[in-house]
Amino acid sequence: MTPAATRTPVIGDDAPELRARLLALWKTAPGWRGWFTTVDHKEIGLRYIVTAFVLLALGGIEALAIRLQLAGPDLHLLTPDQYNQLFTMHGITMIFLFASPVLSGFSNFLWPLLLGSRDMAFPRLNAFSYWVYLAAALFLHAGFLTGNGPNDGWFNYVPYADRAFSPGPGQDFYALGMVLLGISTSVGAANFIVTAFKMRAPGMSINRMPILIWGTLTASVANLIVIPAVSLAFFLLWMDRQFGTAFFRPVGGGQPLLWQHLFWIFGHPWVYAIVLPAMGMVSDGLPVFCRRPLVGYSLVALSTVATMILGFGVWVHHMFATGLPGLSLSFFSGASIVITVPSAVAVFAWLATIWAGRPIITTAFRFFASMILLFVIGGVSGFMTASVPVDWQLTDTYFIVAHLHYVLVGINVFPVVGATYFWFPKFTGRMMDERLGKWNFWTMFLGFNLGFLPMHLTGLLGMPRRIWTYPAGFGWSTLNLVTTIGSFVFAIGVLMFFINVAKSLKWGVKAPADPWGGPTLEWAVPSPPEPYNFAVIPTIASRHPLWEEALDEGSGRSSLHRGMTLDQGKEVVTTTPMDAEPDRIVEMPQDSWAPILLAGALALLFAALLFKAWAVAALGGMLVFGALLLWLWPQRRLFERKPAHG
Amino acid sequence: VAVDGLGSGMTATPLAYLTSAGTRAAAIVPLTCFLGAVSVVVCLIIAMLLWLGIRRGHADTVAGPVVRGGDGLGWIKWGMALSAVPLAIGLIWTMAALGQIVGPPRDIGLTIDVTARQWWWEVRYPGTSGRGFATANEFHIPTGTKVLVRLHGPDVIHSFWVPQLSGKTDVIPGQTNLTWLGADRPGRYRGQCAEYCGLEHAKMALEVVAEPPAQFDVWRRAQLRPAALPVTADTQHGLAIFRSRCAQCHVLRGFGGRAEIGPDLTHLMSRATIAAGSLGNSTGNLAGWIEDPQSIKPGARMPGQQLSGQELNDVVALLGTLE
């Protein structure tokens, strides 16, 4: 069948016959074949979320072991080497394998629904991104579980990470695993960027996108810019370790500080990449429970972008003590202080939204609202460390540990748990238990603050980071015991969350399409959504398509039940980047073996590189090539049509 | 007071940096307090606004009507206007303090070389006429004098930090970083490696003893002398054991040995701690350390010596003479 070169899309009503046709077109085959080949963004999103939560539990157990060792002075529960591997894996797991992927999961599931589209721009790339993430997570843990884990912290400073001081394979697992993970994050970021600019429903101009889209879009642009830096750094490290190059080795003329620059040029923007989408969740979720639109939408959207732009210019604040000249430090110090401004805009916008509305107290609301306070606590301690002279004392003490946990747990974990309560009905078709949710929230909130608020004081009393034990007589003993108790209470809270998810999955109350009375398009489709998301492509007339009657926004009304039917194939409509004018009808790819095969071939290649098994590496390389051929083999069906209009 | 003689002569919180004992650290304390106070006040205000705002709400799972209400932008305007004030003060104060303490001042009275190794500190006092000396993990400075510290790192990255005298400066292989410090009043000030450096990063401490200039000169002259000549039978036997077992890594000036692997022991007994601040310097601790350092500081470069009881007694007797 030769597709028509041009075609005017049929405009029709949402009707059962249409839905039946679309279901046949979009449904993933049942059974294990469908499981491995699916490219449905909702399935992929949920896999991301589940995998990330499993890794959160793993990273949490690592943290509890650390906290037991530090519960009192001079304890010997762990050897120094075990301790060092544990804190390293805790950092790697939480930062790289939980915080970012879980947001990718939410965005993967939600984006097309928020945007009024039937899928992401590149569905196979989406599946590939997940499989590579899974492979990288297994790769990074393989060393640890066989007793060869990396032990130089997630920041992995050389020369300690070099072969002379870390001869085992731990650092090679880390280096190659990070290059592998970088592939997943990069293709995922590219997918988000194209999706944001091309896949929005007609009429959803760029100033009508939900803030979550702004957050993930901004984070994705940042990722695409900075991940090459860290991938390169880890690749060069692997070369130094295995082939005797000396990029970072002073004996050969290399520069240990080069590593720190490359790592933090990536590392600091990354911090914003793992909080901006979560801030977007709060910006979109909180107003639903305040029964009014977000205050200062444009300012919040702009501050999201501004944070990221400034975020590229602050990496040296991780290196204030490295002996760089005072004048250069002063620029980074200034930028690090100024970056609080866009964050403060968001905080006041959320506060104003609560005050200008009348909040309905649900578990999701509690998590979103408490995030504001945790964000402020993490923000002001960040403001303190932005001051160079103060940072010379604060850096590498537990004050920083407290700061970064308020930032990452406060602005990532709390919003993510809140977002789970909020979107769980959409994911599964069932509501989560609100009563257990209330217990869940208060246990997590009190446990977290009991554990980490006193830790600021531990830091001010001079306890250095990354020490496997400490002597009595420094004023740290009681504080550490309190922190250990708090961390266990927090862990019980997280456990309650997992229990609530499991319980609600089985016995939860059936959810309607729109349980919270939300404003955005995901609440216009059934819970859970059909594989094709939208029976007709909606046309959008405002920022809050489902609240138009109440708000009397704009001149026209969004059309949700009548629109392009696009049922002649697995079709979507792409739109123009700014105004979202309809542009083209695009045929989406079918479920495919190519993503998992390519990911598997890459994993084989990287495992072979780790063992320097060159024959296997060559085989892996050929398999990669073969999988790419399978992927890119021209399919007439996927030829793009010319513009639909005119 | 800590067990084992650790922390003797120090405050109850030897690494706390909100108390200072020297000009460089002192410049940081008020700025830290100001930023800390602003931070606490901001948190309290936001917490209060949040609490009051939420109290207006109601527990209800049924979605209420959507109301546009006011635009609420006043919150952002006023919030930003009020936040700008402490931000600006913090920024200006930061730059002023940075300018004040960043570089070594012109009136440096003493220069020393500190070499950070896994997991101890070597400290060298370069002499004016080739009469320098080395010590380890504890060094003395005269009060009221600004001391320039040149930092050398032959293995991995460490960070030099004596909180009550000065903030951190990293010790980075391939480059010589400079820092400076000074003590206004006599005292014993604890320092600690502050950059993760491997297995025993936790047990890599140092102590700075600040004393009046006259007293410092006495110490300095004492340090310049070679090790005391052993006169008793047991210490002479101890020296023989030292030469066969210890001298591959340690130096006794006057009797040979090799520097750069382990600390210079010439005046070991003048130091209050051993094993880079891990243990008080007592006969029992010395014997325990020599026999089984790995149980005290697992991973330390020093191997257990498996000496007989008599040999151990004699070596410890020798060490006891190294005033």
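Everything below is about the structure shown above.
Cut-offs applied
- Residues numbered from 1 in each chain as written.
- Chains lettered and ligands numbered in written order.
- Predicted model: local features only at pLDDT ≥ 70, side-chain atom pairs only at ≥ 80, totals over all residues.
- Heavy atoms only, no water.
- Helix = DSSP H or I, 4+ residues; strand = E, 2+ residues; numbered from the N terminus.
- Rg over C-alpha atoms; globule rule 2.2 N^0.38 Å.
- Buried < 20%, exposed > 50% of the residue type's maximum accessible area, 1.4 Å probe, protein only.
- Contact = heavy atoms within 4.5 Å.
- Lys, Arg positive; Asp, Glu negative; His and termini not counted.
- Charge placed at Lys NZ, Arg CZ, Asp CG, Glu CD.
- Disulfide = S-S within 2.5 Å.
- 1 Å grid on protein atoms, 1.4 Å probe; cavity = no way out; pocket = protein on both sides within 12 Å on 5 of 7 lines; lining within 4 Å.
- Points joined across faces, edges and corners; volume = space filled by probe spheres on them.
- Nonpolar A, V, L, I, M, F, W, Y, C, P; charged D, E, K, R; others polar.
- Pairing = 2+ DSSP bridges.
- Axes fitted to C-alpha atoms, helices over the stretch in contact; angles between N-to-C directions.
- Polar contact = N/O pair within 3.5 Å; in protein donor to acceptor, adjacent residues only side chain to side chain.
- Buried area = accessible area lost by both parts, 1.4 Å probe.
- Salt bridge = Lys/Arg side-chain N within 4 Å of Asp/Glu carboxyl O.

Asker: Outline the overall build of chain B, listing residues and values.
Answerer: Helix and strand counts for chain B come out as 7 helices and 14 strands. In terms of C-alpha radius of gyration, chain B reaches 26 Å, well past the compact-globule figure of 20 Å for 323 residues. Across its three principal directions, the C-alpha atoms of chain B cover 95 × 50 × 40 Å. Burial statistics for chain B: of 323 residues in total, 53% are counted as buried. Expressed as a percentage of contacts within chain B between residues at least 6 apart in sequence, the contacts between residues at least 24 apart total 64%. In chain B, 26 positive and 23 negative side-chain charges are present, and the distance between their average locations comes to 7 Å.

Asker: Now, about the state of the cysteines: what can you tell me, with residues and values included?
Answerer: Residues and elements named next belong to chain B. Within the structure shown, the criterion is met by 0 disulfides over all chains. No disulfide involves Cys197; its sulfur sits 3.9 Å from that of Cys193, the nearest cysteine. Cys246 forms no disulfide, and the closest cysteine sulfur to it belongs to Cys249, at a distance of 8.9 Å.

Asker: How would you sum up the layout of surface pockets? Please name residues and give values.
Answerer: Residues and elements named next belong to chain B. Volume-wise, the second largest pocket comes out at about 570 Å³. Lining the second largest pocket are 33 residues, with His250, Gly262, Pro263, Trp289 and Met302 sitting closest to its centre. For the lining of the second largest pocket, a count of residues per class yields 21 nonpolar, 8 polar and 4 charged.

Asker: Which residues make up empty space enclosed by the protein, and what are the values?
Answerer: Residue and element names in this part refer to chain A. Going through the model one piece at a time under the given rule, you end up with 8 cavities of 30 Å³ or more. If you trace the largest cavity, you find 25 residues lining it, with Ser100, Ser104, Thr185, Phe192 and Asn223 closest to the centre. Taken together, the elements giving at least two residues each to the lining of the largest cavity come down to helix H4 (80-115), helix H5 (123-145), helix H6 (170-198), helix H7 (211-243) and helix H8 (256-273). The greatest single-element share of the lining of the largest cavity, amounting to 7 residues, is contributed by H4. Grouping the amino acids of the lining of the largest cavity by side-chain chemistry returns 13 nonpolar, 12 polar and no charged. Here the second largest cavity defines a volume of roughly 180 Å³. The wall of the second largest cavity is formed by 19 residues, among which Ser283, Asp284, Pro519, Thr520 and His544 lie closest to the centre. Among the secondary structure elements, those contributing two or more residues to the lining of the second largest cavity are helix H9 (276-290) and helix H15 (398-428). Split into classes, the residues belonging to the lining of the second largest cavity amount to 13 nonpolar, 3 polar and 3 charged.

Asker: Describe in detail the sheet that holds strand S4 (residues 138-142) of chain B, supporting the description with residues and values.
Answerer: Residue and element names in this part refer to chain B. Read across the open sheet, the 3 strands follow the order S4-S10-S9; overall the sheet is mixed. Each end of this open sheet is capped by a strand with a single partner; those strands are S4 and strand S9 (187-192). Taken over all neighbouring pairs, the strand axes of this sheet differ in orientation by 25 degrees on average, direction set aside. Strand direction decides the pairing type here: S9 and strand S10 (residues 205-211), joined by 6 bridges, are antiparallel. Considered in S10, the bridge of Tyr189 is made with Val208. Contacts from helix H3 (residues 213-224) reach S4 and S10, with the element oriented near 140 degrees to S4.

Asker: Explain the side chain of Asn281(B) residue by residue, including any values.
Answerer: Residues and elements named next belong to chain B. Among the secondary structure elements, Asn281 is positioned in the loop between strand S14 (279-280) and helix H5 (283-291). Within polar-contact distance, the side chain of Asn281 engages the backbone oxygen of Leu268 at 3.2 Å. The contact partners of Asn281, leaving out residues within four places of it in the chain, are Leu268, Met269, Arg271, Ala272, Thr273, Ile274 and Leu286.

Asker: Account for the pairing of strand S3 (residues 559-564) of chain A, naming residues and giving values.
Answerer: Residues and elements named next belong to chain A. One ladder, built from 3 bridges, connects strand S1 (residues 11-13) with S3; its direction is antiparallel. Directly across from Gly12, in S3, lies its bridge partner Gly563. Pairing between strand S2 (residues 537-539) and S3: 2 bridges, direction antiparallel. Note that in S3 the partner of Thr539 across the bridge is Ser559.

Asker: An account of the interface of chain A and chain B is needed here, citing residue identities and associated values.
Answerer: Residue-level contacts link 93 residues of chain A with 91 residues of chain B. Carbon and sulfur atoms supply 71% of the area that chain A and chain B bury against each other, a total of about 7,600 Å² over both sides. Counting the surface chain A buries against chain B, the share from its top three residues, Trp355(A), Trp392(A) and Gln393(A), is 11%. The tally of links from chain A across to chain B stands at 1 salt bridge. Of the charged contacts, one joins Glu195(B) and Arg466(A) as a salt bridge, the two residues approaching to 3.8 Å between their closest N and O atoms. Contributing elements (two or more residues each) for the side of chain A that touches chain B: H4, H8, helix H11 (326-338), helix H12 (340-356), helix H13 (363-385), helix H14 (388-394), helix H16 (434-460) and helix H18 (548-551) of chain A. Among the elements that make up the side of chain A that touches chain B, the one with the highest residue count is H12(A) (11 residues). Taken together, the residues that form the side of chain A that touches chain B break down as 57 nonpolar, 26 polar and 10 charged.

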